[in-house]
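So the chains spell out like this:
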Amino acid sequence: MINFQFVRTSVIKTALSLIGKDPKATFIAGGTNLVDLMKRGVTAPEKLIDINHLPLKQIELKNNVLHIGALVSNSALAENTLVKEKFPLLMLALQAGASAQLRNVATVGGNMMQRTRCGYFYDTTMPCNKRQPGSGCGAIGGYNRMHAIFGTSESCIAVHPSDMCVGLVALDAQVVLASSKGERKINFIDFHRLVGTTPEKDNNLQKGELIVRLEIPVNNLNKNFHYLKVRDRSSYAFALVSVAAALEMKNNIITNVRLAMGGVAHKPWRLKLVEEFLKGKPATTTTFEEAAKLAMKDARGFGENDFKLKLAPNTLIEALTIAKSKA
């Protein structure tokens with residue numbers, strides 16, 4: 001690791017001033033991903049700005065919208081009474097991520113900012129357009145078992161690693177960002193990016209901005225829901241495929257539905273076309289199978305991850321079946 005400066009502040013305005021003055025500075029909170037990247041030589045910030053003491057740890061309900069501070073830990077969020085009662089899908093997604101020890105340290109904002117776990121990205125001796133634009137993508141034609149089947153390009157086929165973010169995109173969350181110019185709000189689905197021709201850009205956070213909170217509108221999707229994560233082992237493993245599913249039903253007819261997938265794209269993959277297909281349909285196995293076929297319309301495998309072309313629709317069907325069956 002290179003030498004770097006370390007500063008700490010408890011004032012949001014000061015944090016924004018510090019990051020705005022230094023293009024080679026970065027924020028650090030839990031550091032569960034950033035420190036790994038620094039150790040591997042993937043990133044080398046010259047200044048770390050410790051934001052752990054900023055007043056961004058609130059979890060509160062305002063006007064039927066849940067406000068979640070960016071420094072809330074993943075474990076605190078999963079264990080919060082409001083989350084358990086009103087957004088249990090998010091609770092399940094959080095509990096599926098990493099290990100209990102990491103969830104105690106990892107923050108909401110940090111979880112959103114974490115980078116892909118692609119082996120070519122982490123290995124500085126290998127080509128990676130995300131780490132070094134123009135160097136090529138080692139995963140295309142290489143070891144790509146964990147890689148994307150949706151939204152890929154010739155530049156990159158990496159996946160976003162978060163479970164929490166899959167739950168948040170399904171719940172129509174919004175992100176509030178602060179800068180020296182004030183605050184702006186964007187839909188969570190628009191925060192992360194597909195690779196396109198700029199795989200080095202993971203998200204639409206602008207230089208000098210800080211994630212300050214999430215906002216999730218209260219809904220009626222807290223009865224029939226499930227987060228299903230398929231992985232190589234039952235703990236501390238990233239998703240091969242995951243599905244966040246939530247249903248509203250009346251007389252077994254689907255009146256509202258939210259679906260998102262993880263482990264399949266460079267960003268949490270919302271299935272809006274499938275949601276529209278399911279509305280007004282009976283919650284039956286046949287309906288779920290038809291929905292799964294529609295979900296896979298634009299999927300593409302790259303060799304070693306071809307099994308996801310079968311695993312993904314099966315996971316979607318099972319997640320919907322389990323969600324339907326809950327009392």
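Look up: the structure comes first, before these words.
Residues numbered from 1 in each chain as written. Predicted model: local features only at pLDDT ≥ 70, side-chain atom pairs only at ≥ 80, totals over all residues. Heavy atoms only, no water.

Turning our attention to helix α12 (residues 308-325). With 18 residues, α12 ought to run about 26 Å at 1.5 Å a step, and its terminal C-alpha atoms sit 25 Å apart, in line with that. Within α12 the residues assigned to the buried category are Lys308, Ala312, Pro313, Thr315, Leu316, Ile317, Ala319, Leu320 and Ala323. (Helix = DSSP H or I, 4+ residues; strand = E, 2+ residues; numbered from the N terminus. Expected span 1.5 Å × (residues − 1). Buried < 20%, exposed > 50% of the residue type's maximum accessible area, 1.4 Å probe, protein only.)

Time to look at unusual backbone geometry. Glycine aside, a negative phi is what most residues show, and trans is what most peptide bonds show. With a phi close to 50 degrees, alanine 98 is a non-glycine residue in the positive phi region. With respect to the helices and strands, alanine 98 occurs in the loop between α5 (88-95) and α6 (100-105). Not every positive phi belongs to a glycine, and aspartate 172 is a case in point at roughly 55 degrees. Positionally, aspartate 172 belongs in the loop between α9 (164-170) and β6 (174-179).

All right, on to the sheet that holds strand β3 (residues 47-50) then. Taken in spatial order, the 3 strands of this open sheet run β1-β3-β2, and their pairing is parallel. At either end of the open sheet lies a strand with only one pairing partner, and these are β1 (5-8) and β2 (25-28). Neighbour-to-neighbour, the strand axes of the sheet open up by a mean angle of 25 degrees, direction not taken into account. Bridge count between β1 and β3: 4 bridges; the pairing is parallel. Residue pairing in the sheet places phenylalanine 6 in a bridge with leucine 48 of β3. On the sheet, helix α1 (residues 12-21) packs against β1, β2 and β3 and is oriented at approximately 145 degrees with respect to β2. (Pairing = 2+ DSSP bridges. Axes fitted to C-alpha atoms, helices over the stretch in contact; angles between N-to-C directions. Contact = heavy atoms within 4.5 Å.)

Right, let's talk about empty space enclosed by the protein for a bit. Under the defined criterion, the tally for this structure stands at 2 cavities of 30 Å³ or more. The computed volume of the largest cavity comes to approximately 70 Å³. Looking at the largest cavity, it is lined by 17 residues, and the ones nearest its centre are Cys118, Tyr120, Cys128, Cys137 and Cys156. Taken together, the residues of the lining of the largest cavity sort by class into 10 nonpolar, 6 polar and 1 charged. The volume enclosed by the second largest cavity comes to roughly 50 Å³. Lining the second largest cavity are Gln114, Arg115, Thr116, Lys130, Val159, His160, Pro161, His192, Asp202 and His266. (1 Å grid on protein atoms, 1.4 Å probe; cavity = no way out; pocket = protein on both sides within 12 Å on 5 of 7 lines; lining within 4 Å. Points joined across faces, edges and corners; volume = space filled by probe spheres on them. Nonpolar A, V, L, I, M, F, W, Y, C, P; charged D, E, K, R; others polar.)

We now examine the sheet that holds strand β9 (residues 224-230). Taken in spatial order, the 4 strands make up an open sheet running β9-β10-β11-β12, and their pairing is antiparallel. Only two strands of the sheet have a single neighbouring strand rather than two, namely β9 and β12 (269-270). In this sheet, β12 lies alongside strand β11 (residues 253-262) in antiparallel orientation, the contact comprising 2 bridges. Its bridge partner being in β12, methionine 261 is matched across the sheet by tryptophan 269. This element, α5, spans β9 and β10 (241-250) of the sheet and lies at about 15 degrees to β9.

Turning our eyes to something else, we now look at the environment of lysine 250. Positionally, lysine 250 belongs in strand β10. For lysine 250, a relative accessible area of 58% translates into the label exposed. Taking C-alpha positions, lysine 250 is 56 Å from threonine 125, a pair spaced 125 residues apart along the chain.

This next bit is on the nonpolar core. Grouped together as the largest cluster of nonpolar side chains are 38 residues, with contacts concentrated most on Ile68, Leu90, Met112, Val175 and Phe188. The greatest single-element share of this core, amounting to 6 residues, is contributed by α9. Apart from residues lying up to four places away in sequence, leucine 90 is in contact with Ile68, Leu77, Val83, Met164, Leu168, Leu171 and Ile216. Counting residues in hydrophobic clusters, the runner-up holds 29 residues, among them Val241, Trp269, Leu278 and Ala291. (Core = buried A, V, L, I, M, F, W, Y, C linked by side-chain atoms within 4.5 Å.)

This model, assessed by the stated rule, comprises 17 salt bridges. Notably, a salt bridge pairs arginine 270 with glutamate 275, separated by 2.6 Å at the nearest N-O pair. Since its relative accessible area comes to 12%, arginine 270 is described here as buried. Bridged by salt links that share partners, the residues Asp172, Arg258, Arg270 and Glu275 form one connected network. (Salt bridge = Lys/Arg side-chain N within 4 Å of Asp/Glu carboxyl O.)

What follows concerns the packing of aromatic side chains. Tallied over the full model, the rule gives 2 aromatic pairs. With 5.7 Å between their ring centres and 85 degrees between their planes, phenylalanine 121 and tyrosine 122 make a pair best called edge-to-face. A single burial state applies to phenylalanine 121 and to tyrosine 122, both of which are buried. Ring centres of phenylalanine 150 and tryptophan 269 lie 5.1 Å apart, and the angle between their planes is 10 degrees; this geometry places the pair in the stacked category. With a gap of 119 residues between them, phenylalanine 150 in the loop between α8 (119-122) and α9 and tryptophan 269 in strand β12 connect regions that are remote in the sequence. By the burial criterion, phenylalanine 150 is buried, and tryptophan 269 matches it. Directly above the aromatic system of phenylalanine 277 lies the positively charged group of lysine 281, at a separation of 4.3 Å from the ring centroid. A cation over a ring is seen here: lysine 326 above phenylalanine 225, with NZ or CZ 4.0 Å from the ring centre. (Phe/Tyr/Trp six-rings, centres within 6.5 Å; stacked < 30°, edge-to-face > 60°. Lys NZ or Arg CZ within 6 Å of the ring centre and 35° of its normal.)

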